[in-house]
Amino acid sequence: MLHFGLLDIKTEYFVLILSTLFFVIQLWLCFRVRGKILRLLPVLLLAILTVAFLILALLFDGWDSVGFVFLAIGTAILLLVCGIGWAVWRIVRKKREKRP
């Protein structure tokens, strides 16, 4: 259970809310922004964070290492969600091109 001030949020709900937020942001960027670098911004940010957390997990010992592994898994899940957003955008784009 995560505690944010007055809010008590279960970890599963927190991950679900973050995943939904990143999915919507990625889809919005893919459909509305022309520049490829801006569309890749969430993916690049999450990839850098995932690698950084994995490196920190290797550098630290004990429970600190386990914490960084969990953070790396969380950012990897968000990275996967962004990839799903890219896939949805690609499928919709291909379907639009095939229309007469």
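Residues numbered from 1 in each chain as written. Predicted model: local features only at pLDDT ≥ 70, side-chain atom pairs only at ≥ 80, totals over all residues. Heavy atoms only, no water.

Digging into the packing of helix α1 (residues 11–32) against helix α2 (residues 36–59)
Put simply, the rule reads: For every element, the axis is a line fit to its C-alpha atoms; helices are fit only across the contacting stretch, and the angle between N-to-C directions ranges from 0 to 180 degrees. Only DSSP runs of H or I covering at least 4 residues are called helices, and only runs of E covering at least 2 are called strands; the numbering of each starts at the N terminus. In what follows, residue pairs with any heavy atoms lying within 4.5 Å of each other are defined as contacts. Asp, Glu, Lys and Arg are counted as charged, while Ala, Val, Leu, Ile, Met, Phe, Trp, Tyr, Cys and Pro are counted as nonpolar; the rest, among them Gly, fall into the polar class.
The N-to-C vectors of α1 and α2 enclose an angle of 150°; their axes lie 7 Å apart at closest approach. Along its contact with α1, which presents F22, Q26, L29 and C30, the element α2 presents L38, R39, P42, V43 and L46. Here the residues of the contact of α1 with α2 sort into seven nonpolar, one polar and one charged.

Considerations on the layout of surface pockets
This is how the line gets drawn: Buriedness of a pocket was judged along seven lines, with at least five required to meet protein on both sides within 12 Å; pockets are open sets of points on a 1 Å grid over the protein atoms alone, cavities are sets where a 1.4 Å probe fits but cannot get out, and lining residues have an atom within 4 Å of a point. Grid points are joined across faces, edges and corners, and a volume is the space filled by probe spheres set on the points.
In this structure, the largest pocket occupies an estimated 340 Å³ of space. Along the walls of the largest pocket sit 14 residues, with F14, V15, F70, L71 and G74 positioned nearest its centre. Contributions of two or more residues to the lining of the largest pocket are made by α1 and α3 (63–98). With seven residues, the top contributor of residues to the lining of the largest pocket is α3. Residue composition of the lining of the largest pocket, by class: 10 nonpolar, four polar and no charged. The volume enclosed by the second largest pocket comes to roughly 220 Å³.

Notes on the packing of α2 against α3
For any two helices packed against each other, the geometry is given by the interaxial angle and the distance between the axes. The following threshold applies: Every angle not falling under 35 degrees, over 145, or within 65 to 115 is termed oblique; those three ranges are roughly parallel, roughly antiparallel and roughly perpendicular. In a left-handed crossing the near helix is turned counterclockwise from the far helix by less than a right angle, and in a right-handed crossing that turn is clockwise.
Across the interface, α2 lies against α3 with an axial gap of 8 Å and an inter-helix angle of 160°. Of the possible angle classes, the one that applies to α2 and α3 is roughly antiparallel. Note that α2 runs across α3; the crossing there is left-handed. Listed contacts from α3 to R39, L40, P42, V43, L46, A47, L49, T50, F53, L54, L56 and A57 of α2 are S65, F68, V69, L71, A72, T75, A76, L78, L79, C82, W86 and W89.

Quick notes on the side chain of T50
Definition in use: In the analysis that follows, any N or O atom pair within 3.5 Å is treated as a polar contact, provided that within protein one partner can donate a hydrogen and the other can accept it, and provided that, for residues neighboring in sequence, both atoms belong to side chains.
Here T50 lies in helix α2. In terms of polar contacts, T50 uses its side chain to reach the side chain of T75, at 2.9 Å.

A short note on the confidence of the model for the protein
What counts here: How sure the predictor is of each residue is captured by pLDDT, a score from 0 to 100.
Mean pLDDT for the protein: 87, with 90% of residues reaching 70 or above. For the protein, strand β1 (residues 2–4) is the element with the lowest average pLDDT, namely 57, and α2 is the one with the highest, namely 93.

Some details on a positive patch on the surface
Short version of the rule: For patch building, the residue pool is restricted to those with more than 30% relative accessible area and no salt bridge; the joining distance is 9 Å between like charges and 5 Å between nonpolar side chains (Val, Leu, Ile, Met, Phe, Trp, Tyr). Only the protein chains shown count as covering a residue, and every accessible area follows the Shrake-Rupley method with a 1.4 Å probe. A side-chain nitrogen of Lys or Arg and a carboxyl oxygen of Asp or Glu constitute a salt bridge if their distance falls within 4 Å. Counting rule applied: Lys, Arg positive; Asp, Glu negative; His and chain ends not counted. Here the site of a charge means NZ on Lys, CZ on Arg, CG on Asp, or CD on Glu.
On the surface, K36, R90, K94, K95 and K98 cluster together to form a positively charged patch. When you line up the elements, K36 lands in helix α2.

Structural notes on a nonpolar patch on the surface
Quick note on the threshold: Using a 1.4 Å probe on the protein chains alone, a residue whose accessible area is under 20% of its type maximum counts as buried, one over 50% counts as exposed, and one in between counts as partly exposed.
Judged by side-chain polarity, V15, W63, V66, V69, F70, I73 and I77 come together as a nonpolar surface patch covering roughly 690 Å² of accessible area. In terms of residue count, the dominant contributor to the nonpolar patch is α3 (six residues). With respect to the helices and strands, the residue V69 is situated in helix α3. The exposure class of V69 is partly exposed, given its relative accessible area of 34%.

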